[in-house]
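Breakdown of the fold
One letter stands for each residue in the lines below.
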Amino acid sequence: KLSAHPSGRHFLQIPGPTNVPDRVLRAMDYPTIDHRGPEFGELGRSVLAGMKKIFKTDSHVVIYPASGTGAWEAALVNTLSGNDLVLMAETGHFATLWKKMAESLGLRVEFMPGDWRRAADPEAVEARLRKDAGHEIKAVCIVHNETATGVTSDIRAVREAIDRAGHPALLLVDTISSLGSIDYRHDEWGVDVTVSGSQKGLMLPPGLSFNAVSAKALAASEKSTLRCSYWDWHAMIASNATGYFPYTPATNLLYGLHEAITMLLDEGLETVFARHDRHAEATRRAVRAWGLEILCADPARYSSSLTAVLMPEGHGADAFRKVVLDRFNMSLGQGLTKVKDKVFRIGHLGDINDLTLCGTLSGVEMGLGLAGVPHNAGGVAAAMAYLAENSAVRSR
Ligand code: PLP
């Protein structure tokens, strides 16, 4: 039986929200200030400039007090008009939700089918755009890292596909579970709107979401006729010029964002990405040693922020996850919709180090045994061997 206060920390190993580092928690533990006062302007300017570095853009970044879903909606309603056709790729649960949102806003969606084990196909995007001689398609929308499946799409390749087709469609990309974890370059990859959220690679609680907006997207917003008010970029960008917001911002989350940006830039974005790649590889070695199957069917497109693991036939993922939660106080990600009860997801993004990962994988391995899931021992050992071989001396 669980005691009211289990000792030690809960292991929040879902692929977001992620563990919030103590430094970020402390940074938020301050009195809320006047959001129209001088101190706030400085904070606003600093986080907006910092987020440009994280998105790798010189263009505008907009911050909403909203979950990621709000930023999805903002990307669509600012740039598109009723009945516009958009091209989306069925990479998994989140791509499907974004598609449903687009339809509910009155857009027409062509959904390139997928089996939830592979990335968006740049060649299929190119072929479809080449057929669209009349430029009826107004936007291509791709989820960079499909959180439901652990598959990362190649955004640079999608950009190149659009360019090869010579098509003017906007490129809209969801980086909710990749920003601050997996290499991402808004400007260099010619993305028009990047959508993101606070609760994953940025190591914050849920509650903030973002749009990075290219000049082309901003120009499109002048002509877009979908209704928007709360999400309107123009009022935001006008206030943001001096570091303020058109409505009450989530002040304390912005304190946390300021700290998280400092941490990410101090570590160095490239080091952060390499750390995620390494932890993802260690996790996959553990999964293979257990004799279980990784949901992502294309090794070139493995996600560095999470790994989705297929359960052996006849064994439910949710019963296994319950054992892990009850016995070891660790949350693993559940399978969503099409893969419900068929997969569990190990989140290895955000504020993680080698020992956090080893603890996580130990909980999985012990849980597999207790839940009676057929597997081989030695997953944790395989991950440990890889981590030890590839460990760097920590500078102090
Ligand atoms: N897109 C992706 C890739 C996600 O992982 C999520 C949430 O997990 C969302 C969109 C929706 O974001 P939110 O739940 O913050 O509204």
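So, how was this worked out
Residues numbered from 1 in each chain as written. Predicted model: local features only at pLDDT ≥ 70, side-chain atom pairs only at ≥ 80, totals over all residues. Helix = DSSP H or I, 4+ residues; strand = E, 2+ residues; numbered from the N terminus. Rg over C-alpha atoms; globule rule 2.2 N^0.38 Å. Buried ≥ 20, exposed ≤ 12 C-beta atoms within 10 Å, placed from the backbone. Contact = placed C-beta atoms within 7 Å. Pairing = 2+ DSSP bridges. Axes fitted to C-alpha atoms, helices over the stretch in contact; angles between N-to-C directions. Parallel < 35°, antiparallel > 145°, perpendicular 65-115°, else oblique. Left-handed = near helix turned anticlockwise from the far one by under 90°. Nonpolar A, V, L, I, M, F, W, Y, C, P; charged D, E, K, R; others polar. Domains from an automatic or database assignment. UniProt positions renumbered as here; feature names shortened; annotations may be inferred.

1. Thoughts on the overall build of the chain
- If you tally the helices and strands in the chain, you get 13 helices and 14 strands.
- Relative to the compact-globule value of 21 Å for 396 residues, the chain shows a C-alpha radius of gyration of 21 Å, a close match.
- For the chain, the spread of C-alpha atoms along the principal axes amounts to about 60 × 55 × 40 Å.
- Counting every position in the chain, which comprises 396 residues, the buried fraction comes to 48%.
- For the chain, contacts bridging at least 24 residues in sequence account for 74% of all contacts bridging at least 6.

2. Some points on the pairing of strand β4 (residues 108-112)
- Both strand β3 (residues 85-89) and β4 contribute to a ladder of 5 bridges, which runs parallel. Following the sheet pairing, Met-88 is matched in β4 by Phe-111.

3. Considering unusual backbone geometry
- The peptide bond linking Gly-16 to Pro-17 adopts the cis configuration, its omega dihedral lying at -5°.
- As for its position among the elements, Pro-17 is in the loop between β1 (11-13) and α1 (22-28).
- In this structure, Asn-83 is a non-glycine residue whose phi angle is positive, near 75°.
- Residue placement: Asn-83 occurs in the loop between α3 (68-79) and β3.
- Asn-83 gets classed as exposed once you count the C-beta atoms within 10 Å, which come to 11.

4. Regarding the sheet that holds strand β5 (residues 137-143)
- Read from one edge to the other, the open sheet built from 7 strands follows the order β2-β10-β9-β8-β5-β3-β4, with strand pairing classed as mixed. In the strand order of this sheet, the two ends are held by β2 (60-64) and β4, each with one partner. Sheet twist, expressed as the average angle between the axes of neighbouring strands with direction ignored, equals 20°.
- As defined by bridge partners, β3 adjoins β5 across 4 bridges and the pair is classed as parallel. Residue Leu-85 lies in a different strand from β5, and its bridge partner there is Ile-137.
- On top of the sheet, helix α2 (residues 38-55) reaches β2, β9 (193-197) and β10 (209-213); it is set at about 110° to β2, its chief contact.
- Of the strands in this sheet, β2, β5, β8 (170-174), β9 and β10 are in contact with α3, which crosses β9 at around 165°.

5. Regarding the packing of helix α5 (residues 122-131) against helix α6 (residues 155-164)
- For the pair α5 and α6, interaxial distance at closest approach is 8 Å and the crossing angle is 20°. Viewed along their axes, α5 and α6 adopt a mutual orientation that is roughly parallel. Our pair here, α5 against α6, has a crossing hand that is right-handed. Facing Pro-122, Glu-123, Val-125, Glu-126 and Leu-129 of α5, the residues of α6 in contact are Ala-157, Val-158, Glu-160, Ala-161, Ile-162 and Arg-164.
- Looking at the contact of α5 with α6 residue by residue, the classes come out as 7 nonpolar, no polar and 4 charged.

6. Section: the domain arrangement of the chain
- Entries for the chain in the domain assignment read domain 1 (11-18 + 269-389) and domain 2 (22-265).
- Just the C-alpha atoms count here: the centres of domain 1 and domain 2 sit 27 Å apart.
- Each partner contributes residues to the interface: domain 1 has 27 residues there, and domain 2 has 25 residues.
- Looking at the side of domain 1 that touches domain 2, the elements that each hand over two or more residues are α10 (269-290) and β12 (306-310).
- With 4 residues, the single largest contributor to the side of domain 1 that touches domain 2 is α10.

7. Some points on the UniProt feature "domain: Aminotransferase class V" (unreviewed entry) in the chain
- The feature "domain: Aminotransferase class V" (unreviewed entry), as given by UniProt, occupies residues 14-319 in the numbering adopted here.
- Overall, residues 14-319 shows 42% helix and 16% strand. The separation of its end C-alpha atoms is 16 Å.

8. What to know about the sheet that holds β12
- One open sheet holds the 5 strands; their spatial order is β1-β13-β14-β12-β11, and the pairing between them is mixed. Strands at the two margins of the open sheet, each flanked by one partner only, are β1 and β11 (293-294).
- Of the pairings in the sheet, the one linking strand β13 (residues 330-334) to strand β14 (residues 343-347) comprises 2 bridges and is antiparallel in character. Bridge pairing links Gly-333 to Arg-345 in β14.
- Contacts from helix α11 (residues 317-328) reach β13 and β14, with the element oriented near 165° to β13.
- Those strands touched by helix α12 (residues 354-370) are β1, β13 and β14, and its axis lies near 85° from that of β1.

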